[in-house]
Structures are given as C-alpha cells and as structure tokens.
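Given next are the chains, with one letter for each unit.
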Amino acid sequence: MTTTDSNLVGFPLRRPGRPYPPEEYAGLRKREGLVRSTLPTGAPVWLVTRHEEVRAVLTDPRISSNPSHPGFPRPAKTGGVPAQDQVPGWFVALDPPEHTRFRKTLIPEFTVRRIREMRPVIQAIVDERIDAMLAGGDSADLISDFALPVPSLVISRLLGVPKADCDFFEAQTRVLVTLTSTDEQREAATKALLRYLNRLIALKAKRPGDDLMSRLLADGKLTPQELSGVGMLLLIAGHETTANNIGLGAVTLLMNPQWIGDDRAVEELLRYYSVADLVAFRVAVEDVEIGGQLIKAGEGIVPLVAAANHDETVFECPHQFDPSRSARHHVAFGYGVHQCLGQNLVRVEMELAYRSLFERIPTLELAVPVEELPLKYDGVLFGLHALPVRW
C-alpha cells in the first residue's frame, strides 16, 4: 500500500518554529505501507518511519548506501556527486564486502576496552574546557566554548592531529554538513581537508606516534590515499554529531534537573533527539518489499531515524524525556553493518561532559529563554548554533 504526499520529508518539515522531531512523523507512522514523497531536488523517494521497517531497510543486502548507484537520493539541490563520496576510504558510501574491509580494520580502535583506556584523556579535555570557561567569567556559549571543542579535541587526539588545527577542521566540517553549502564550497572544503591529511600522513610515516593514524599506517591494510579518506570521515563524524548531542543534552538536563547525574540519561538523549535523522539515505539495487510495499530497483529510500526512535509501538510516550525507560534498542547510531563505529566513544564523551559540567558548575543556567535558542534547521545534523549560559 502506498501513501502519496508531495513534500513530506524531513527538510521541509524541519524549519524554524516547528518541533523536532517533526510532529508530522507521528502521522506518517500511522499510515498503511510506506509514504511516497519528493526531495527538494525533485527526486521521488520512499519514506520509512516505523522502527521495525527502518531496521529492515538498514540491514537488507538488496538496499545500498553507495551513491554511485542510479536513483540514489540526494538531499540537497546540488549539481553533482559531493566530492567526499568519491574519496577513497569514505567507507560509509560502500557496501560489503568492500565496506567490511575498512570496518574490520577500524573496529579494534573503537572497542569498549580501547575507549575505556581513553577515559582519562577525555576527562582531561573536558576539565580543561571547563577551566577555560570559568576563567572567562560568569557566562559562556556552551556550544563554541564546550560542546564543539570537547569532541573536536578528543577525535583530534585519537587521530594524532595537533590541537592547534582543531579550528580548521571545525570550519571545514561546518561547510560539509550545512545543507545550503554549494557544490563548489563542498569541493573546496573536501580538498582542503584531504591536503592537510595527506601532509599529516606523510609526517606520520616518518615520525609515527601513539595515535590511530600511525597505527593504521604501520598496519599496512589501508593505502595512504584510503587513510586520508578514513581520517576525514572520522574527523567529521567524530565531532559534529557529538557536539550536537552534548549541547541539546545540556539544555534538556537543565530543564529536567532530576536526571542530572544519572548515566541513563545519555541513552535516552540519543534516542530522544536522534540528531542524525537524515543521514541514512539508501537506494534499492534489487526489487525488495518493505512494510508491504514493493520498492523497485533504482528507487531511493529515506529511513527517518528520529521517526523510528519515536515509534509509539516501541517506546511508550516517546515524546517524553524519560531516562528510566530501556532505550538501548534505539537506532540513533544506525543499525546493521553501517552502525556507527564510534558509538562507544560518543557515550563516554557525553557521560563525562554532563557529569563534570554539572558537578563543577552547579549553578549553571540558561542565559536566554529556551524558546529563543537558535536551533539548526539548515544542517544535515540537528543541534544548536549557540547555547548562552551563565552561573
């Protein structure tokens, strides 16, 4: 069964003054079958909104994440394939078995044990940023002064990138995750990142350090060109999503102080906001049935992660922030072979960020009414542009 609507997709629904996730998602979940919709580019797509069906899309081998396949949906009005999709090592745009080769190489760097070993490093970075905020007076922008630099410094430390270059990476990443960026701007940002990473890898080859890039280079399973693409992907994914989660979570905990100090809040925040709602674009490479709907080869698919994580049949009263619920089966990190490699790192960063922030600044409060906070309606990832606070 097909339900047809001309513009029911996340981009037109996600706009200033509207709730997030878009309230229309609840209506879409109640409809029989899938929803046939149109992207701003004019391309038709199938919207998938229910938890079970989103997981089915993300695990079916007949559905691809490779943008080179005909019919792959493009979210923005651009004239060609974004340059990063074509970069060697951009493994999120690959399917097994090629995707598997990259993932197996990287998994040892993101195990629970490896991330546990990084906790003192992450804690030191968190404390350093809080020290800087406190030294600056009795107010701050929690996004630019804390939520962005913490994960940026962590992923840079993991990869072996000098601390002084974090601002450069943040600026280039902002171009790549903003929907209004042009092809030319994306191309320039991609080339700038790759030039830097190529120089860094050449330096690591001569003087290796105790970092991921040095270890992967010594391992020899990835070429230097592939390693550059992997490094760029990890830098982008490793700080932008986490920064958005930290910022939104801080606001939510300020509004719900009874949950401050409860580590269960991290999992619920991941589900509640699902900041990467619009990143898992797919295309069918064979005919496949999802939710009773035949999707033909070459048809684009948009599994809406935030819609799945607010499915009333899976999460009771999903619009309520309730860390007491069991939310571990959310799909905020995706599902299946493309599930986020860095999820263990994200959880630890969020946990330490909240714990330290509220323990060390117990009088922290919003400096503006919550309804005046500038939300990101123009990005691939949802979040806050700024978060004025005081203490």
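Presented here is an overview of the structure given in this document. Since the structure is predicted, the reported quantities are computational estimates derived from the model, not experimental observations.

**Thoughts on the layout of surface pockets**
- One number sums up the size of the largest pocket: a volume of about 610 Å³.
- Forming the boundary of the largest pocket are 29 residues, of which Pro19, Tyr20, Pro21, Tyr272 and Tyr273 lie nearest the centre.
- Listing elements by their share of the lining of the largest pocket, those giving two or more residues are helix H2 (24–30), helix H11 (224–255) and helix H12 (264–273).
- Tallying contributions element by element places H11 first for the lining of the largest pocket, with four residues.

**Details of the pairing of strand E3 (residues 44–48)**
- The element E3 is extensively covered by neighbouring structure, given that four of its five residues are classed as buried.
- Bridging between strand E2 (residues 34–38) and E3 involves four bridges; their strand directions are antiparallel. Bridging from a neighbouring strand, Val35 pairs with Leu47 of E3.
- If you look at the hairpin formed by E2 and E3, you'll find five residues sitting between the two strands, and Gly42 has a positive phi there, around 95°.

**Here's the deal with the state of the cysteines**
- All told, the structure shown has zero disulfides when counted by the stated rule.
- Lacking any disulfide linkage, Cys340 is separated from the closest cysteine sulfur, that of Cys166, by 19 Å.
- By relative accessible area, Cys340 is classed as partly exposed at 28%.

**Topic: the environment of Gln293**
- Structurally, Gln293 is set in strand E8 (residues 293–295).
- Given a relative accessible area of 9%, Gln293 falls into the buried group.
- When the C-alpha atoms of Gln293 and Arg157 are compared, they prove to be 46 Å apart, with 136 residues separating the residues in sequence.

**A short note on the packing of aromatic side chains**
- Within the structure shown, the criterion is met by six aromatic pairs.
- Taking the centre distance of 4.9 Å and the plane angle of 85° together, the rings of Tyr272 and Tyr273 count as edge-to-face.
- The buried category is assigned to Tyr272, whose relative accessible area is 19%.
- Among the aromatic side chains, those forming a connected cluster through ring pairs are Phe168, Phe169 and Tyr196.
- Across the ring face of Phe315, the terminal group of Arg271 is positioned such that the distance to the ring centre comes to 5.3 Å.

**Topic: the side chain of Thr49**
- Counting through the fold element by element, Thr49 comes out in the loop between E3 and helix H3 (51–59).
- Residues contacting Thr49, with those up to four places away along its chain left out, are Leu28, Arg29, Val54, Leu304, Ala307 and Ala308.

**Examining the pattern of salt bridges**
- In the structure shown here, the tally under the stated rule is 27 salt bridges.
- For Arg50, the salt bridge is made with Glu53, and the minimal N-O distance between the two is 3.1 Å. Of the two residues, Arg50 and Glu53, both sit in the buried class.
- With a closest N to O distance of 2.8 Å, Asp60 and Arg62 form a salt bridge.
- In this structure Arg62 comes out as partly exposed when scored by relative accessible area, which is 30%.
- A cluster of three or more residues bridged by salt bridges with shared partners is formed by Glu109, Arg113, Arg114, Glu117, Asp210 and Arg215.

Criteria and cut-off values
Residues numbered from 1 in each chain as written. Predicted model: local features only at pLDDT ≥ 70, side-chain atom pairs only at ≥ 80, totals over all residues. Heavy atoms only, no water. 1 Å grid on protein atoms, 1.4 Å probe; cavity = no way out; pocket = protein on both sides within 12 Å on 5 of 7 lines; lining within 4 Å. Points joined across faces, edges and corners; volume = space filled by probe spheres on them. Helix = DSSP H or I, 4+ residues; strand = E, 2+ residues; numbered from the N terminus. Buried < 20%, exposed > 50% of the residue type's maximum accessible area, 1.4 Å probe, protein only. Pairing = 2+ DSSP bridges. Disulfide = S-S within 2.5 Å. Phe/Tyr/Trp six-rings, centres within 6.5 Å; stacked < 30°, edge-to-face > 60°. Lys NZ or Arg CZ within 6 Å of the ring centre and 35° of its normal. Contact = heavy atoms within 4.5 Å. Salt bridge = Lys/Arg side-chain N within 4 Å of Asp/Glu carboxyl O.

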